[in-house]
Amino acid sequence: MTMPRGLRTAALVAHVTCSVGWLGAVAAYLALDIATVNSQDVATVRGAYLAKDIATSYVIVPLAWAALATGLLQSLGTTWGLFRHYWVLAKLTLTVVATVVLLAEARTVTALAEYAASSADPRALPGTLPHSVGGLAVLFLITILSVVKPQGLTRYGWRKQQDNRRKKATSRASTLA
């Protein structure tokens, strides 16, 4: 089942917007993370921890869910399909893994922000730099897959392609007869 063209375009715009927004929000989070690790100013470190919590809770997590939902909508409502191409499956897998890791890490970010807000000196708190760098790398990989769309049909995709070719051949043959 494919969506009508206008709906398909709107869904694509929504998906690209959410995905790029997620990537940008994680890049901004990385800047805050670097500040928490490198700054010697107590107020800057405290503010960065609080900003990381706000960005995670109100921007990054909602965009992750929206990117996942709109990606599913795109795959189910277009000819790309969810299980037809390896690159779509890879994007889905990476997005789900990134979202699960993000949800687990969000609790840590909130706990660190609460401690930073209540402690006299938050500079000794650990940063979440490995997660933000890793998350950004995964999101770049997902973006690359979206743009490059490497060839390769899954077995299901190959069968669907063969079925469609047979249906078209049968349809042409019956039209000629």
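In this report, we go over the structure that sits alongside the text. (Residues numbered from 1 in each chain as written. Predicted model: local features only at pLDDT ≥ 70, side-chain atom pairs only at ≥ 80, totals over all residues. Heavy atoms only, no water.)

1. Some details on the layout of surface pockets
Okay, step 1: For the largest pocket, the calculated volume is near 690 Å³.
Okay, step 2: If you go around the largest pocket, you meet 29 residues; those closest to its centre are Leu-12, His-15, Trp-87, Lys-91 and Ser-146.
Okay, step 3: No other element matches the eight residues that helix 1 (residues 5-38) contributes to the lining of the largest pocket.
Okay, step 4: For the lining of the largest pocket, the class distribution of residues is 16 nonpolar, ten polar and three charged.
Okay, step 5: As for the second largest pocket, its lining consists of 18 residues, of which Ala-98, Leu-102, His-131, Ser-132 and Gly-135 are closest to the centre.
Okay, step 6: Listed by contribution, the elements that provide at least two residues to the lining of the second largest pocket are helix 1, helix 2 (42-77), helix 3 (86-118) and helix 4 (129-148).
Okay, step 7: If one sorts the elements of the lining of the second largest pocket by residue count, helix 3 sits on top with seven residues.
Okay, step 8: Residues belonging to the lining of the second largest pocket are distributed by class as follows: twelve nonpolar, five polar and one charged. (1 Å grid on protein atoms, 1.4 Å probe; cavity = no way out; pocket = protein on both sides within 12 Å on 5 of 7 lines; lining within 4 Å. Points joined across faces, edges and corners; volume = space filled by probe spheres on them. Helix = DSSP H or I, 4+ residues; strand = E, 2+ residues; numbered from the N terminus. Nonpolar A, V, L, I, M, F, W, Y, C, P; charged D, E, K, R; others polar.)

Read these as layout, nothing more, since geometry by itself doesn't imply function.
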